[in-house]
Amino acid sequence: MRMAFLIALCCALLLGGCAQTGALTGGPADSTAPTVVMSVPAARSTYVRTKTIRLVFSDYVERSVRSQLRIQPSVPFSVSYAGDEIDVELRQPLADSTTYIVTLGTQYTSRYGTPPAEGYTLVFSTGNTIDTGIVAGKVVAASMSGIEVFCLPAESDTLPDVRLVSPMYRVAVGSNGAFRLEGLRDGVYRIAAVRDANGNGLLDADEDFATATSAITVRGGLAPQITLRPVPPVDSLGPYIRRARALTSRAVELQASERIGSTRPFGFAVADSSGLRTVRVDTILFSRDSRDRLILRLRDSLDTGSFRLTLADSAFADEAGNVNIDTLRTLTFVGSDRPDSIVRRTVSDTTSKRSSDDGIILGVFTDSLRRSPFYLLRLIDPKGAPVRAAAVQHGAAVRFDSVPPGEYRVDVVLDRNGNGRYDAGNVRPWTDAEDVVALPITLQVRPRWTQEGVRFDVGKIEP
């Protein structure tokens, strides 16, 4: 009797366990990146005549995966979703004897919120051969969000303008910065990295961008690995003053159109409305609250009358070095007789104070190959962003002041035009990005410490 009861209890427990359905809960979330584990047709298939392409994933993925699919050359399609697989229904027949490239972007996640490590590419052909060319490499940027690599065949001198026309080939960059574009014919290509934030397949004016440092030749299916370093578009517009207002009898606040990098003390003139009485400017200070506001400290007192502020050429510049565009522009403001309680400070107050924890790096830069007349030496933080830069030449002493404590990599821009910044290239006309050499050194900056004797030697390191 007792044995029968135990058997019945075990059966009940087993049946109860088997009756439960749904996703398992509990335990740590799976951080494994989702991947495509099977495709129909299979990769590198020939004589494909399918009307449906199926991709099967290693795990359940979000529905947003549907928006990440692209077919090149372009074919209209629709996508149906089934959790761990998607079906791509082609709305028109594929062209004969053509290599097709199906790419999957990286702006989706698994059910646990983990994004793919890199984009996926499926190559097949409707003929008996497949174009085997591959362009691969990595993108170096502080964030990989939305970055795609554009690839343009350069068989003629005229390239499509990617500001207006989507490129023939493009592939998303994975979270690790890697990219791989397959199915290319042998030939010459122009490559660029674009942070396509709105997903329209075009280079918009406000999007991060960089070209490769040279044209890429695919020969025998092979091409050299490339590195792309997209940066925000160069700010070429100068700042201007939006308004002026008196804070006290000896302080006038100026609101600029953007953050200000530097000022020229004698570029600002204040006079009464008649122009007969000049109010002398003593010092220019940055506001404690925002870098886009300046405070004019005056030697002479204002009253409650009307005053004019006149800005001379190059009175101030933004953080990109562009000078003010409102040369000799005059702004009117009402004065104040409010007593001034601010302690007078000197012009040195216009520069930021060095943090007590910052460090200093001293060294020498050399390039035995003399590959450029000008160089830009940069300290790169762990996120890939330059935090300090110094224009140098071969044999020059190097000094980095006010460096926050931390670990830094070092690279060198071969600054061929000598403008003191990294140029990421252009698309119209097409211009190659400047070469960057990564030095095999890591610097550890300690608080309140001066690191001396650092040798920044480019030597024979390849860009």
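Predicted, not measured: the structure shown is a model, and the values here were computed from it.

Peer 1: Looking at this model, I keep getting lost on the overall build of the protein chain. Mind explaining?
Peer 2: Counting its regular elements, the protein chain contains 1 helix and 34 strands. The buried share of the protein chain, taken over its 463 residues, is 43%. Of the contacts formed within the protein chain by residues at least 6 apart in sequence, a portion of 68% connects residues at least 24 apart. Element-wise, carbon and sulfur atoms account for 52% of the exposed surface of the protein chain, whose accessible area totals about 24600 Å².

Peer 1: Would you explain the environment of R388 in this entry?
Peer 2: Position of R388 among the secondary structure elements: in strand β28 (residues 386-392). If we ignore the near neighbours within four places in the chain, the residues touching R388 are L377, R378, L379, F400, D401, S402, V403 and P404. At 3.5 Å, the side chain of R388 forms a polar contact with the backbone oxygen of D401.

Peer 1: Looking at this model, I keep getting lost on the pairing of strand β23 (residues 306-311). Mind explaining?
Peer 2: The two faces of the sheet receive side chains in turn, since in a regular strand these alternate between them. Only one face of β23 is buried, namely the one carrying F307, L309 and L311, since none of S306, R308 and T310 on the opposite face is buried. The pairing of strand β19 (residues 268-272) with β23 spans 5 bridges and is classified as antiparallel. Within β23, the residue paired with D272 across the bridge is F307. Pairing of β23 with strand β25 (residues 330-334), which is carried by 5 bridges, proceeds in the antiparallel orientation. Residue pairing in the sheet places S306 in a bridge with V334 of β25.

Peer 1: Explain the packing of aromatic side chains here, please?
Peer 2: How two aromatic rings sit relative to each other is given by the distance of their centres and the angle of their planes. As enumerated under the stated definition, the model contains 6 aromatic pairs in all. Between the aromatic rings of F268 and F316, the centroid separation amounts to 6.1 Å while the plane-to-plane angle is 25 degrees, which identifies the pairing as stacked. One end of the pair, F268, is in strand β19; the other, F316, is in strand β24 (residues 316-318), and 48 residues separate them in sequence. The burial state of F268 is the same as that of F316; both residues are buried. Judged by centre distance (6.0 Å) and plane angle (25 degrees), the rings of F307 and F333 are stacked. Of this pair, F307 sits in strand β23 while F333 sits in strand β25, and the two are 26 residues apart along the sequence. For the pair F307 and F333, one class covers both residues: buried. For R291, the ring lying beneath its charged end belongs to F286, and the centroid distance is 3.7 Å. Sitting over the face of the ring of Y422, R378 holds its NZ or CZ atom 5.5 Å from the ring centroid.

Peer 1: I would appreciate a short explanation of the nonpolar core in the present structure.
Peer 2: The tendency in soluble globular proteins is for nonpolar side chains to be buried as a group. Core analysis: the largest hydrophobic core is formed by 24 residues, its most contacted members being L254, F268, L296, L309 and F333. Only β16 (241-248), β17 (251-256), β19, β21 (281-286), β22 (293-298), β23 and β25 provide two or more residues apiece to this core. Sequence-distant contacts of F333, defined by excluding residues within four places in its chain, comprise A244, R245, A246, V252, V270, L302, G305, S306, F307, R308 and L309. By size, the runner-up hydrophobic cluster in this structure holds 22 residues, among which are A141, C151, I191 and L228.

Peer 1: Could you clarify how one ought to interpret the pattern of salt bridges in this entry?
Peer 2: Any two side chains of opposite charge can pair, on the condition that their charged atoms come close. The tally for this structure, following the rule as stated, stands at 25 salt bridges. Among the salt bridges present, the one from R70 reaches E148, with a minimum N-O distance of 2.8 Å. Of this pair, R70 sits in strand β3 (residues 69-72) while E148 sits in strand β9 (residues 147-153), and the two are 78 residues apart along the sequence. You can call E148 buried: its relative accessible area is 10%. The partner of R428 in a salt bridge is D161, with the nearest N and O atoms 3.7 Å apart.

Peer 1: Whenever I open this one, the confidence of the model for the protein chain confuses me. Can you help?
Peer 2: Any segment with low pLDDT has predicted coordinates that should not be analysed in fine detail. Residues at a pLDDT of 70 or more form 88% of the protein chain, whose mean pLDDT is 86. Below pLDDT 50 for its whole length, residues 12-25 participates in 0 contacts with residues either more than four positions away or in separate chains. Note that residues 343-355 has pLDDT below 50 and, in this model, 19 contacts with residues that lie over four places away or in other chains.

Peer 1: It is not clear to me how unusual backbone geometry should be interpreted in this structure. Could you clarify?
Peer 2: Among all residues except glycine, the phi angle is most often negative; among peptide bonds, the trans geometry is most common. With an omega of 5 degrees, the peptide bond running from V40 to P41 counts as cis. Within the secondary structure, P41 is located in the loop between β1 (36-40) and β2 (52-57). In this model, Q72 is joined to P73 through a cis peptide bond whose omega is -5 degrees. Mapping P73 onto the fold places it in the loop between β3 and β4 (77-81). Located in the positive-phi region is Y47, a residue other than glycine, with phi close to 55 degrees. Assignment of secondary structure puts Y47 in the loop between β1 and β2. Judged by its relative accessible area of 55%, Y47 is exposed.

Parameters and conventions
Residues numbered from 1 in each chain as written. Predicted model: local features only at pLDDT ≥ 70, side-chain atom pairs only at ≥ 80, totals over all residues. Heavy atoms only, no water. Helix = DSSP H or I, 4+ residues; strand = E, 2+ residues; numbered from the N terminus. Buried < 20%, exposed > 50% of the residue type's maximum accessible area, 1.4 Å probe, protein only. Contact = heavy atoms within 4.5 Å. Areas by Shrake-Rupley, 256 points an atom, 1.4 Å probe, with all protein chains shown as cover. Polar contact = N/O pair within 3.5 Å; in protein donor to acceptor, adjacent residues only side chain to side chain. Pairing = 2+ DSSP bridges. Phe/Tyr/Trp six-rings, centres within 6.5 Å; stacked < 30°, edge-to-face > 60°. Lys NZ or Arg CZ within 6 Å of the ring centre and 35° of its normal. Core = buried A, V, L, I, M, F, W, Y, C linked by side-chain atoms within 4.5 Å. Salt bridge = Lys/Arg side-chain N within 4 Å of Asp/Glu carboxyl O. pLDDT = per-residue confidence, 0-100.

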